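Examining the three-dimensional arrangement
Here is what each chain is made of, one letter per residue.
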Amino acid sequence: SAWGKALAALGSFVLERGEGYSASISSPSSAWGNCTRVSPYLTFGHLSLRQLWHALGAKQVEVRSLPKGTAGGWPRSLSAAKARLKWRSHFTQKLEDAPEM
């Protein structure tokens, strides 16, 4: 089901692929391996923004509890992913408020 695929994409991001998000997201050759892959599931309602936000937040709590120097790229990548979600919501609202744009 689409819901199962949405959860699988989210799970693989927060368990593995997300660590390289901030370093890879701007490169067309490496972005696919580290992007969230959840945009279509957000768009069509199979995954909510709240679910994604809470999953990223839970991973941030987990990463903060790791011994110093062992978090790798997670802290920066999780912050970057949450920042992109904020921008996504901001621009979605802008388009709804001013569809003539």
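Reference entry: report on the structure contained in this document.

1. A word on the overall build of the protein chain
The number of helices and strands found in the protein chain is 6 helices and 0 strands. When the elements of the protein chain are put in sequence order from the N terminus, they spell out α-α-α-α-α-α. Here the C-alpha coordinates of the protein chain stretch approximately 50 × 30 × 30 Å along the principal axes. For the protein chain, the residues scored as buried account for 33% of the 101 residues in total. Sequence-distant contacts in the protein chain: of pairs separated by 6 or more residues, those separated by 24 or more amount to 61%. Of the roughly 6600 Å² of accessible surface on the protein chain, a fraction of 59% belongs to carbon and sulfur atoms.

2. Observations regarding the nonpolar core
Core analysis: the largest hydrophobic core is formed by 19 residues, its most contacted members being Leu-10, Val-38, Leu-47, Leu-52 and Leu-56. Those elements giving two or more residues to this core turn out to be α1 (2-15), α4 (39-43), α5 (49-64) and α6 (74-97). In terms of residues, this core owes the most to one element, α1, which gives 5 residues. Those residues in contact with Leu-56, other than ones at most four positions away along the chain, are Phe-13, Val-14, Leu-78, Ala-81, Lys-82 and Leu-85.

3. Let's talk about the pattern of salt bridges
In total, this model carries 1 salt bridge according to the counting rule given. Residue Glu-62 is joined to Lys-59 by a salt bridge in which the shortest nitrogen-to-oxygen separation is 3.2 Å. Remark: Lys-59 and Glu-62 occur in helix α5; sequence separation between them is 3 residues, near one turn of the helix. Given the relative accessible area of 42%, Glu-62 is considered partly exposed. On the accessibility criterion, Lys-59 (9% relative accessible area) is buried.

Rules behind the numbers
Residues numbered from 1 in each chain as written. Predicted model: local features only at pLDDT ≥ 70, side-chain atom pairs only at ≥ 80, totals over all residues. Heavy atoms only, no water. Helix = DSSP H or I, 4+ residues; strand = E, 2+ residues; numbered from the N terminus. Buried < 20%, exposed > 50% of the residue type's maximum accessible area, 1.4 Å probe, protein only. Contact = heavy atoms within 4.5 Å. Areas by Shrake-Rupley, 256 points an atom, 1.4 Å probe, with all protein chains shown as cover. Core = buried A, V, L, I, M, F, W, Y, C linked by side-chain atoms within 4.5 Å. Salt bridge = Lys/Arg side-chain N within 4 Å of Asp/Glu carboxyl O.

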